[in-house]
Amino acid sequence: MQTPAKVLLIEDDVRLAERTAEYLQGHELAVEVAGDGETGLARALSGEHDVILLDLMLPRLDGLEVCRRLRQRSALPVIMLSARSEEIDRILGLELGADDYLPKPYSPRELVARIRAVLRRAVPSPEGPASTLRCGPLVVDRARRRVEVAGGACDLTAHQFDLLWLLLEARGQVLSREQLYQRLRALRGQPPGTYDPSVDRSIDVQLSKIRGTLAAADPHAAGLIRTVRGVGYVLDDSPEGPA
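Rules behind the numbers
Residues numbered from 1 in each chain as written. Predicted model: local features only at pLDDT ≥ 70, side-chain atom pairs only at ≥ 80, totals over all residues. Heavy atoms only, no water. Helix = DSSP H or I, 4+ residues; strand = E, 2+ residues; numbered from the N terminus. Buried < 20%, exposed > 50% of the residue type's maximum accessible area, 1.4 Å probe, protein only. Polar contact = N/O pair within 3.5 Å; in protein donor to acceptor, adjacent residues only side chain to side chain. Contact = heavy atoms within 4.5 Å. Salt bridge = Lys/Arg side-chain N within 4 Å of Asp/Glu carboxyl O. Pairing = 2+ DSSP bridges. Axes fitted to C-alpha atoms, helices over the stretch in contact; angles between N-to-C directions. Core = buried A, V, L, I, M, F, W, Y, C linked by side-chain atoms within 4.5 Å. Right-handed = clockwise from strand over helix to strand, strands pointing away.

Time to look at the side chain of Gln160. Among the secondary structure elements, Gln160 is positioned in helix H6 (residues 158–169). Judged by its relative accessible area of 5%, Gln160 is buried. At a separation of 3.0 Å, a polar atom in the side chain of Gln160 contacts the side chain of Gln206. The residues contacting Gln160, other than those within four sequence positions of it, are Gln206, Lys209 and Ile210.

With that settled, the discussion passes to the environment of Pro4. Among the secondary structure elements, Pro4 is positioned in the segment before strand E1 (5–10). What makes Pro4 partly exposed here is its relative accessible area of 39%. Setting aside its immediate chain neighbours within four residues, Pro4 contacts Glu28, Leu29, Ala30 and Asp50.

Moving on, we get to the pattern of salt bridges. Tallied over the entire structure, the rule returns 14 salt bridges. For the salt bridge of Asp55 with Lys104, the shortest nitrogen-to-oxygen distance reads 3.1 Å. With a gap of 49 residues between them, Asp55 in strand E3 (residues 51–55) and Lys104 in the loop between strand E5 (100–103) and helix H5 (108–122) connect regions that are remote in the sequence. Among the ionic pairs, Glu148 bridges to Arg146, the shortest N-O distance being 2.7 Å. For Glu148, a relative accessible area of 22% gives the class partly exposed. According to the relative accessible area criterion, Arg146 is partly exposed, its value standing at 29%. Connected through salt bridges with shared partners, the residues Glu11, Asp55 and Lys104 form a single ionic network.

Here the focus is the sheet that holds strand E6 (residues 132–135). Sheet architecture is open: four strands sit in the order E6-E7-E8-E9, paired in antiparallel fashion. Pairing within the sheet leaves two strands with one partner each, and these edge strands are E6 and strand E9 (152–154). Taken over all neighbouring pairs, the strand axes of this sheet differ in orientation by 25° on average, direction set aside. Taken together, the four bridges between strand E7 (residues 138–141) and strand E8 (residues 146–149) define a ladder with antiparallel strand orientation. The partner of Val140 across the bridge, within E8, is Val147.

Our focus in this paragraph is the nonpolar core. Where a protein is soluble and globular, its nonpolar side chains tend to be buried together. One finds Leu138, Leu180 and Leu235 to be the most contacted residues of the largest nonpolar core, which totals 28 residues. Take this core: its biggest share by element is seven residues, from H6. Those residues in contact with Leu235, other than ones at most four positions away along the chain, are Cys135, Leu138, Leu164, Leu167, Leu168, Arg171, Gly172, Leu224 and Ile225. Grouped together as the second largest cluster of nonpolar side chains are 20 residues, Leu16, Ala21, Leu81 and Val118 included.

Here we take up the pairing of E1. The buried fraction of E1 amounts to five of the six residues, a majority that puts the element mostly inside the structure. Sheet topology note: the E1/strand E2 (residues 29–34) ladder contains six bridges and is parallel. When the bridges of E2 are listed, Leu8 appears paired with Glu32. Following the chain from E1 across helix H1 (residues 14–25) to the adjacent parallel E2, one finds a crossover that is right-handed. As paired strands, E1 and E3 are joined by four bridges and run parallel to one another. Directly across from Ile10, in E3, lies its bridge partner Leu54.

What follows is the structure, encoded as structure tokens:
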């Protein structure tokens, strides 16, 4: 019998936490609840969980700060949950390393689907020859969630890794921001969504950070990802490729 995945729910709304935990436990997930940010961070760093569900508005330490501190020491998958639907909260959460963002009130069924999607991405699995892709000095191993440039490892958030993988998978093909958005959803096991132009900035920011990380490893690697003005982005090591 398969061991249930261990979920840490960091949520200060006691009734919501109880209802959510009960639903998840009914879907073969083991759940531990932490009621404030400091306790939640300590438990998240214990190494005893497979995924974190993180509320934004928490006592003692807010969710964004919990995510920032967690990312300094762990790559554990994080799904942010919040009644605050402002664009800046969503962007900040993803920039700080969250794997997904689900606004409240959310569907419990959708929450389970998203948990399973981030768990699938986090667990290495053999995927045949396409699990490793290369472009110039860049090597991306999807099964191991590892990025190397010129032989050295690069640290990317889960969101950044997925964006880089999608561009590398479509090497030489220009992808619009909307295409990247929809392909990210598909990669996470989500159905197509209504494209929100505010996502533009989030993708732009994340790709800028990816370029910076690649450039720090090899100055030539930053040029692998190019902006095609008015269209989108392309990854290619050919000097004659789209610019």
